[in-house]
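Structural overview for review
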Amino acid sequence: MNCKDFTNKLIDLYQNKNNQELSYEALGPFLCEIIESSGVVYKMPLRRNTMARVLHEFYKNVLKEKDLDWGDAGTFPDIYDCKVCANPLAQCYVRGLIKPRKSGKAFILGADDIVSEDEISYIFSLI
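Notes on the structure in this doc start here. Predicted model, so just to flag it, every value in this text is computed and none were measured.

Another aspect to go through is the overall build of the protein. A count of helices and strands for the protein gives six helices and two strands. Taken from N to C terminus, the helices and strands of the protein fall in the order α-α-α-α-α-β-β-α. Over its C-alpha atoms the protein spans a radius of gyration of 14 Å, differing by no more than 12% from the 14 Å that the globule rule assigns to 127 residues. Across the 127 residues in the protein, those meeting the buried criterion constitute 44%. For the protein, the share of sequence-separated contacts (at least 6 apart) that also reach a separation of at least 24 residues comes to 71%. Accessible area of the protein: about 7000 Å², with a carbon and sulfur share of 52%.

Before going further, it helps to spend a moment on the packing of helix H1 (residues 3-18) against helix H4 (residues 48-62). Two elements in contact, H1 and H4, have axes whose closest approach is 10 Å; the angle formed by their N-to-C orientations is 30°. By the angle class used here, H1 and H4 are roughly parallel. In the crossing of H1 with H4, the sense of the turn from one axis to the other is right-handed. Packed against H1, whose contacting residues are Cys3, Phe6, Thr7, Leu10 and Tyr14, the element H4 presents Thr50, Met51, Val54, Leu55, Phe58 and Val62 at the interface. Among the residues making up the contact of H1 with H4, the classes are represented as nine nonpolar, two polar and no charged.

Attention shifts here to helix H5 (residues 83-94). Taking 1.5 Å per residue, twelve residues should reach 16 Å; H5 reaches 17 Å between its end C-alpha atoms and fits that length. Along H5, the residues that are buried comprise Cys85, Ala86, Pro88, Leu89, Ala90, Gln91, Cys92 and Tyr93. In this structure, the buried residues of H5 make contact with H4. Looking one or two residues beyond H5, the residue adopting positive phi is Gly96, at roughly 80°.

This brings us to the nonpolar core. Counting 38 residues, the largest nonpolar core has Phe6, Leu10, Met51, Val54, Leu55, Phe58 and Leu89 as the members making the most contacts within it. It is H4 that provides the largest number of residues to this core, a total of seven residues. Aside from chain neighbours lying at most four places away, what touches Val54 is Cys3, Phe6, Thr7, Leu10, Phe30, Leu31 and Ile34.

Our next topic: the pattern of salt bridges. Summed over all chains, the structure comprises four salt bridges. Ionic pairing is found between Arg95 and Glu65, a salt bridge with its closest N-O pair at 3.9 Å. Taken together, the residues Arg95 in the loop between H5 and strand S1 (101-103) and Glu65 in the loop between H4 and H5 connect sequence positions 30 residues apart. Among the residues examined, Arg95 registers a relative accessible area of 22% and is labelled partly exposed. Among the residues examined, Glu65 registers a relative accessible area of 38% and is labelled partly exposed.

About the criteria used
Residues numbered from 1 in each chain as written. Predicted model: local features only at pLDDT ≥ 70, side-chain atom pairs only at ≥ 80, totals over all residues. Heavy atoms only, no water. Helix = DSSP H or I, 4+ residues; strand = E, 2+ residues; numbered from the N terminus. Rg over C-alpha atoms; globule rule 2.2 N^0.38 Å. Buried < 20%, exposed > 50% of the residue type's maximum accessible area, 1.4 Å probe, protein only. Contact = heavy atoms within 4.5 Å. Areas by Shrake-Rupley, 256 points an atom, 1.4 Å probe, with all protein chains shown as cover. Axes fitted to C-alpha atoms, helices over the stretch in contact; angles between N-to-C directions. Parallel < 35°, antiparallel > 145°, perpendicular 65-115°, else oblique. Left-handed = near helix turned anticlockwise from the far one by under 90°. Nonpolar A, V, L, I, M, F, W, Y, C, P; charged D, E, K, R; others polar. Expected span 1.5 Å × (residues − 1). Core = buried A, V, L, I, M, F, W, Y, C linked by side-chain atoms within 4.5 Å. Salt bridge = Lys/Arg side-chain N within 4 Å of Asp/Glu carboxyl O.

Geometric values such as these leave the question of function open.
Listed below in structure tokens is the structure:
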């Protein structure tokens, strides 16, 4: 699944479950950019860091959830690989939306990993 498809499905699931049409204002600029864009960047396979950004914006703008304390999320060696993605990754981790994986002797968030269908199904089950 790519970023554009993931974003559209996430919004569709929410709208169908809540019988509510979301306005562009409710989605915020980043989600609107994804929906309206024809660029190839949003059609590439979905990576965890991009999924985290989409979910963070969805939680912040649509669900009106405030950011949580990072807890131990700051201890993952790859949390700061992308400074734009660090807080979204941490927020998804502390909310239980993404799970760390073992890499050598350390646990990482796998920010650049392509998201599996099982992970996507799990996330959609929570919406």
